[in-house]
Amino acid sequence: MARQQQADPTPTGPDQCIAAGASDERNQASDGQPGTPGGSGRRHWIPEPPDASCRIRLLVVDRDPRVALACRETLDSSGFHVDAAESVTAALSALRSERYDLTLVELSLPDGTGFDLLREMRRISPTTVPIVTSAYSTVRTAVEAVRRGAYDYLVKPFSNDVLVESLAEALEKRAFFGSSLISPADNFQEMLGHSRAMLDLRQWIRATSTSHASVLLLGELGTGKELVARMLHQRSFRSDGPFVTAPCSGAEPGQILAEWFGCLRGDAVATGAFTKATGGTLYLRDIGDLAPELQDALCSTLRTRRHVPAGSNEAHKLNVRIISATDRNLAGLVADRRFSQDLFYAIASHTVTCPPLRDRREDIPLLVDYFLTRLCRQARHRRIHVTPAAMALLGEHTWPGNVRELECVIEEAALRGTGDVIDVNDMRLLENRPIVSPVPSTAQELKQQLKALRAEAVVERERLFVVRALERHQGNVSAAARAVGMQRPNFQALMRRHRVLSGDYATDRDESEDDSNPDASQED
């Protein structure tokens, strides 16, 4: 049964409404005190800029210029610089020329829809947080807006309080990631987490983003590899250039080559991803699934820094940074001679593994709060809480689908639940662990799903093997390795692969001895 929505009081006067098309001197954000039309009952923090150059930049995209004018009058004293665009084309031009912290996007625009703008915005300005507005309120539209990257969904006409509350919450979420004001260079949008694994990952991104060398991102499905790639691009010297995604599987090798390098069509050359990414970053997804002939072609391109469109003899100079990603054990594929060793070295100048959710379980409450806050605002529902028992169940789950799976579970539980509380019984998807993916509709999807399930099963079984051995021997690496019949360096390699520390399983042993450090031996 779907949860009943609670609509906020509808503002009735033009001085209380910022999106009804009217504004005047009195159209200022109220303090949000209880009883104020559209008020939230709480004050929201908006950072005060130290000078005009640090003002928070907001782009209002609406066919009615009075909306941007009302926003400017309301937000000027709160440290915002507000620009206006009345079409998708004008908004994209503004986003290419300026850096914006937030956008307020109307769904209905003269030359397209707000969804069209959201799609392009994710590509050219991934650190800008979009908030969608519309005069029509449906759950389907709100959910679709979120799926396309919107942080919030506001129904017109909305009050000053509602607008300020939404903007402030977006800024509060972004404040997890670096500065008191929103700086695109330091923003880690949606990379929520205060665990050691996430702190280490963010530090690695800071250290690696300024390099021009290639990057290899490893990690299971749903661990956010593409988000890491976008953060690397946004913080790099190439941030003003494009971020382009290119496929490595799912089509015939000839088709993939054409998508990569372009192809000759008549007298013209159809542009490929390598050319589109010139001056920016090229993200190669699922590179572990690359066919052997494509491995050779890519290796040759990276070695010569030239690529030739299919059917053409004209070579094009390569000017991109390559970021590759896979959920497969690429080093193992190299050892089995199923992946080119030369290509591996060419794409793996910097390598990091995005941590699975089971290795950062302390982040689960923060992620749950984030997903529920977003859902409640889109559905205009009062706060939903998760019971301690339900939160404990979430903490015990193995999460083969990682953060992506957690988001789906929370959305489903919120829809199934009644009232303002999510309990264990609302989490139907957790009844049969592990949660399975939807039934595939094509042979290619079946192949990919089976491969992913096998990989997830192997990874989880391998991790449990290491953990159980350390538990039986109180964290003594040497004793655990001998008991399972492995050489100590090989056992340590498994520990490093799964980020397992022997000190977590020690009892009365001295944690300073070398067994607590899987890197103590130089042998891998």
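Calculation notes
- Residues numbered from 1 in each chain as written.
- Predicted model: local features only at pLDDT ≥ 70, side-chain atom pairs only at ≥ 80, totals over all residues.
- Heavy atoms only, no water.
- Helix = DSSP H or I, 4+ residues; strand = E, 2+ residues; numbered from the N terminus.
- Buried < 20%, exposed > 50% of the residue type's maximum accessible area, 1.4 Å probe, protein only.
- Salt bridge = Lys/Arg side-chain N within 4 Å of Asp/Glu carboxyl O.
- pLDDT = per-residue confidence, 0-100.
- Contact = heavy atoms within 4.5 Å.
- Core = buried A, V, L, I, M, F, W, Y, C linked by side-chain atoms within 4.5 Å.
- Polar contact = N/O pair within 3.5 Å; in protein donor to acceptor, adjacent residues only side chain to side chain.
- Pairing = 2+ DSSP bridges.
- Axes fitted to C-alpha atoms, helices over the stretch in contact; angles between N-to-C directions.

Got a minute to help me understand unusual backbone geometry in this structure?
Comment: phi is negative for the bulk of residues other than glycine, and the bulk of peptide bonds are trans. The omega torsion of the bond from lysine 156 to proline 157 falls at -10°, within 30 degrees of zero and hence cis. Mapped onto the elements of the fold, proline 157 is located in the loop between strand E7 (152–155) and helix H5 (160–174). One non-glycine residue, tryptophan 399, lies in the positive phi region at around 55°. Along the chain, tryptophan 399 falls in the loop between helix H14 (388–396) and helix H15 (402–416). Since its relative accessible area comes to 0%, tryptophan 399 is described here as buried.

Teacher, can you tell me more about the pattern of salt bridges here?
Any two side chains of opposite charge can pair, so long as their charged atoms come close to each other. Counting across every chain of the model gives 15 salt bridges. Between arginine 196 and aspartate 200 there is a salt bridge whose closest N-O contact spans 3.1 Å. Within this pair, arginine 196 and its partner aspartate 200 are both found in helix H6 (residues 196–208), separated by four residues, close to a single helical turn. A relative accessible area of 56% places arginine 196 in the exposed class.

Explain the confidence of the model for the chain here, please?
Regions with low pLDDT carry predicted coordinates that are not meant to be interpreted in detail. For the chain, the mean per-residue pLDDT works out to 75, and 75% of the residues sit at or above 70. Across the chain, strand E8 (residues 215–218) holds the top mean pLDDT of 96, while strand E11 (residues 268–270) sits lowest at 69. Here residues 175–189 is a poorly scored stretch, pLDDT under 50, and it has 41 contacts once near neighbours within four places are set aside; other chains count. Predicted confidence is poor over residues 430–437, with pLDDT under 50, and the contacts of this stretch with residues over four places away or in other chains come to 17 contacts.

How do you make sense of the nonpolar core when you look at a structure like this?
Formed by 45 residues in total, the largest nonpolar core has its most connected members in Leu58, Leu75, Leu104, Leu394 and Leu406. It is helix H13 (residues 364–379) that contributes the most residues to this core, nine residues altogether. The contacts of leucine 406, once residues within four sequence positions are left out, are Leu357, Ile364, Leu367, Val368, Phe371, Leu394 and Trp399. The next biggest cluster of nonpolar side chains, apart from the first, holds 30 residues, and it includes Ile287, Leu290, Leu298 and Phe344.

Would you mind showing me how to read the side chain of histidine 233 here?
Positionally, histidine 233 belongs in helix H7 (residues 225–235). You can call histidine 233 buried: its relative accessible area is 2%. A polar side-chain atom of histidine 233 sits 2.8 Å from a polar atom in the side chain of threonine 281. Once residues within four sequence positions are removed from consideration, histidine 233 is found in contact with Arg238, Ser239, Gly241, Pro242, Phe243, Gly280 and Thr281.

Help me understand the sheet that holds strand E9 (residues 243–246) in this model?
Neighbouring strands of a sheet are bound in pairs by backbone hydrogen bonds; such pairs are parallel or else antiparallel. Spatially, E9-E12-E15-E8-E16 is the arrangement adopted by the five strands of the open sheet, whose pairing is parallel. Looking at which strands have only one partner, the edges of the open sheet turn out to be E9 and strand E16 (350–353). In this sheet, neighbouring strand axes are inclined to one another by 20° on average, regardless of whether the strands run parallel or antiparallel. Contacts from H7 reach E8, E9, strand E12 (281–284) and strand E15 (321–326), with the element oriented near 150° to E8.

Got a minute to help me understand the side chain of aspartate 101 in this structure?
Within the secondary structure, aspartate 101 sits in the loop between helix H2 (88–97) and strand E3 (102–106). Overall, aspartate 101 belongs to the buried group, its relative accessible area being 5%.

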